[in-house]
Amino acid sequence: ARHILAASVSASSRVASRRHMGSVDAGAAMEKIRAAGLLRTRGLIGGKWVDAYDGKTIEVQNPATGEVLANVACMGNRETADAITSANTTFYTWSKLTASERSKALRKWHDLLMSHKEELALLMTLEQGKPMKEALGEVNYGASFIEFFAEEAKRVYGDIIPPTLADRRLLVLKQPIGVVGAITPWNFPLAMITRKVGPALACGCTVVVKPSEFTPLTALAAADLALQAGIPAGALNVVMGNAPEIGDELMQSTQVRKITFTGSTAVGKKLMAGSANTVKKVSLELGGNAPCIVFDDADIDVAVKGSLAAKFRNSGQTCVCANRILVQEGIYEKFASAFVKAVQSLQVGNGLEESTSQGPLINEAAVQKR
C-alpha cells in the first residue's frame with residue numbers, strides 16, 4: 001500500500017489562514033443572538049450569572065476574522081468551589097424528584113434548544129467557525145441527547161438477582177452518584193455538553209460544566225435555556241477561564257464524585273491521575289489516531305465521498321477525523337486523482353457564507369500545528 005500524506009494540500013492552505021476571510025454580517029448575527037437573550041458572558045453558579053471574583057475576563061474571538069465577539073468571565077478555583085457547593089446542595093433536592101418530573105424539565109429544555117436552533121447555530125459558527133449547515137446539524141444532534149435522556153430518565157431500572165441461599169433476596173438499586181464535573185472541548189460546543197449533562201441530570205445528578213475557553217458562549221446560551229426550562233438553580237453550573245485552576249478544584253473536591261471529559265489523551269491522563277486521591281468515577285473520550293483504508297475493490301465514488309467526510313468534517317477538527325489515508329496499489333492512482341479533484345472543489349471561507357463548506361481552524365496555534 002502507498003500512503004497519501006497530503007492530497008489535501010490546496011484546501012489546507014486555504015483553510016490555514018484566517019486573515020484572508022472576511023466577516024459576513026457578523027454584526028447582524030450577534031444582534032439576533034442578543035435579541036433572543038442568549039448572549040451571556042458571565043458564569044452560572046447557583047442559578048445566578050456572576051463575574052469572575054477578581055474581575056478578570058478573556059476574549060472570545062471569531063476564528064474566521066480574529067474579531068472579538070465578547071469578553072467573558074475568567075474564573076478559577078474560588079468560583080469553581082462555589083459552583084461545586086451549589087451543585088452539591090441542589091443534588092439533595094433534584095435527586096429526590098421523581099424520574100417523571102426530571103423528564104419533563106429535560107423535555108422542555110430540548111424544546112427550547114430546538115426553538116432557538118438558528119440563534120444557537122449562529123453563535124456556534126461565530127465562535128467556533130464551522131459552516132452554518134454543520135452548526136444547524138449540531139443543534140439537532142445536541143438536542144437529541146436531551147430528548148433521548150428525557151425518556152431514559154423514566155427507565156432507570158434495577159435488578160433482582162437469583163440468590164445463592166434460599167433465605168436471601170438480592171436486589172440492585174441504581175442511584176445517582178452525586179456531583180459530576182464535565183469538561184468539554186471546543187470542536188462541538190453544544191453536543192459535547194448535552195451528551196454529558198443530559199444523562200447526568202436525567203438520573204438525578206447535578207453538574208458543573210467547564211467549557212473550552214475558545215467556545216464558552218454556546219455553553220452559556222444552552223445553560224440559560226436550561227434555566228428557562230425549569231432545571232433548578234444549582235443543578236447545572238458553568239465556569240470557564242483558567243483551565244488548570246478549574247480542573248484542579250474539580251479533582252480535589254470530595255463532593256465531586258464523577259469526572260467526564262472529552263479531549264486530548266495527555267489531559268485525560270492528568271485527570272485520571274488527579275481523580276485517584278478521591279476515587280472518583282471517570283469517563284474519558286480521548287484523542288483518536290484514525291487511518292482511512294481503501295482497497296482495490298472499492299467503489300471510487302463511494303470511497304472518495306467517505307474519505308472526504310472522514311478527513312474534512314469540521315475542517316478536520318474531530319477526534320475521529322482520518323490522520324492518514326492508506327490506499328492499495330491497484331486503485332491508488334485513480335483514487336488519488338479523484339480525491340485531489342474533490343478536495344480542490346471544497347469552498348473554504350467564513351462559516352456564515354452560504355457557499356462555505358470548510359470553515360477556519362479554531363485559532364492560530366492550530367494553523368501552525370498543521
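Residues numbered from 1 in each chain as written. Predicted model: local features only at pLDDT ≥ 70, side-chain atom pairs only at ≥ 80, totals over all residues. Heavy atoms only, no water.

The protein appears in an unreviewed UniProt entry as Succinate-semialdehyde dehydrogenase, mitochondrial from Aegilops tauschii subsp. strangulata.

Chemist: Can you lay out helix H6 (residues 132-152) for me, pointing to particular residues and giving the numbers?
Modeler: The end-to-end C-alpha distance of H6, which contains 21 residues, comes to 30 Å, matching closely the 30 Å that a straight helix rising 1.5 Å per residue would cover. All of the buried residues in H6 are Met-132, Ala-135, Glu-138, Val-139, Gly-142, Ala-143, Phe-145, Ile-146 and Ala-150. Projected down its long axis, H6 shows its buried positions confined to an angular sector of 135°, all on one face. Check the buried side of H6 and you find it contacts helix H4 (99-115), helix H5 (117-128) and helix H7 (191-202). (Helix = DSSP H or I, 4+ residues; strand = E, 2+ residues; numbered from the N terminus. Expected span 1.5 Å × (residues − 1). Buried < 20%, exposed > 50% of the residue type's maximum accessible area, 1.4 Å probe, protein only. Arc of directions from axis to C-beta. Contact = heavy atoms within 4.5 Å.)

Chemist: Just give me the short version of helix H2 (residues 26-35), but keep the residues and values in it.
Modeler: Here H2 has its buried residues at Ala-26, Ala-29, Met-30 and Ile-33. With its buried residues spanning 100° around the axis, H2 presents them on a single face. Directly beyond the C-terminal end of H2, a positive phi value near 75° is found at Gly-37.

Chemist: Can you lay out the pairing of strand E5 (residues 68-73) for me, pointing to particular residues and giving the numbers?
Modeler: With five bridges joining them, strand E4 (residues 57-61) and E5 adopt antiparallel strand pairing. Looking at E5, one finds that Ile-58 is bridged to Val-72. Where E4 folds back on E5, the antiparallel hairpin that results is connected by six residues, among which Gly-66 adopts a positive phi of roughly 85°. (Pairing = 2+ DSSP bridges.)

Chemist: Give a detailed account of the layout of surface pockets, specifying residues and quantitative values.
Modeler: It is the rolling of a water-molecule-sized probe over the atoms that shows where space remains empty. Volume-wise, the second largest pocket comes out at about 400 Å³. Lining the second largest pocket are 22 residues, and of these Pro-199, Ala-200, Ala-202, Cys-203 and Cys-205 sit closest to its centre. No other element matches H7, which puts five residues into the lining of the second largest pocket. Broken down by class, the residue content of the lining of the second largest pocket amounts to twelve nonpolar, four polar and six charged. (1 Å grid on protein atoms, 1.4 Å probe; cavity = no way out; pocket = protein on both sides within 12 Å on 5 of 7 lines; lining within 4 Å. Points joined across faces, edges and corners; volume = space filled by probe spheres on them. Nonpolar A, V, L, I, M, F, W, Y, C, P; charged D, E, K, R; others polar.)

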